[in-house]
Amino acid sequence: MKYSMVLSAAMMVLALAACEKKTIVTPAPVVTIAVPGPAGPTGATGATGATGSTGDAGVAGSTGNTGAMVERGKTGGDTVVIVPAPDPAR
């Protein structure tokens, strides 16, 4: 008898714990949003901005070097120079 009361009390605890409990749902708070009214008249046109300054002139380039002087060709003599024709593939 001693064990049967303990066993029945434990079974009642398990049975009551298994029951579904209703959850309380609180409604979300109401948020008021301000809605803008109709548009007003158009404002006056703003003033034109100032013109920017002119940029500086660039520096002139330096003069190039003069070409080297070569030895003049010699006249006369029995040397024959053959110049090959240019390659048309190049």
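Anyway, here's the lowdown on the structure attached to this text. These figures come from a predicted structure and were not determined experimentally.

## Thoughts on the overall build of the protein chain
Right, on to step 1. Within the protein chain, the regular secondary structure consists of one helix and zero strands.
Right, on to step 2. Relative to the globule expectation of 12 Å for 90 residues, the C-alpha radius of gyration of the protein chain, 54 Å, shows a markedly less compact shape.
Right, on to step 3. Taken over the C-alpha atoms alone, the protein chain extends approximately 150 × 65 × 30 Å along its principal axes.
Right, on to step 4. A burial count over the protein chain gives 0% of its 90 residues as buried.
Right, on to step 5. Just so you have it, the protein chain exposes about 10200 Å², and 63% of that area is on carbon and sulfur atoms.
Right, on to step 6. Separation between the mean location of the 6 positive side-chain charges and that of the 5 negative ones in the protein chain comes to 33 Å.

## A few points about the environment of Thr-48
Right, on to step 1. Along the chain, Thr-48 falls in the segment after α1 (2–17).
Right, on to step 2. Given a relative accessible area of 78%, Thr-48 falls into the exposed group.
Right, on to step 3. It is 65 Å that separates the C-alpha atoms of Thr-48 and Pro-88, two residues lying 40 residues apart in sequence.

## Regarding the environment of Ala-39
Right, on to step 1. One can find Ala-39 in the segment after α1.
Right, on to step 2. The exposure class assigned to Ala-39 is exposed, which follows from its relative accessible area of 78%.
Right, on to step 3. In this structure, the C-alpha to C-alpha distance between Ala-39 and Asp-87, residues 48 residues apart in sequence, is 81 Å.

Conventions and cut-offs
- Per chain, residues are indexed from 1 in the order of the written sequence.
- Note on the predicted model: pLDDT of at least 70 is required for a residue's local features to be given, and 80 or more for side-chain atom pairs to be given and counted; whole-chain, interface and lining totals, by contrast, use all residues.
- Values reported for side chains reflect all heavy atoms of the structure, with hydrogen atoms and water molecules removed beforehand.
- Put simply, DSSP marks the helices as runs of H or I at least four residues long and the strands as runs of E at least two long, and each gets a number from the N terminus on.
- The atom set for the radius of gyration is the C-alpha atoms, and the globule formula is 2.2 Å times the number of residues raised to the power 0.38.
- Buried means the residue's accessible area, taken with a 1.4 Å probe over protein chains only, is under 20% of the maximum for its type, while exposed means over 50%, and partly exposed covers the values in between.
- For the area figures, the Shrake-Rupley method with a 1.4 Å probe applies, and any residue is considered shielded solely by the protein chains shown.
- Asp and Glu count as negative and Lys and Arg as positive, but His and the ends of the chain are not part of the count.
- Every charge is mapped to an atom, namely NZ of Lys, CZ of Arg, CG of Asp or CD of Glu.

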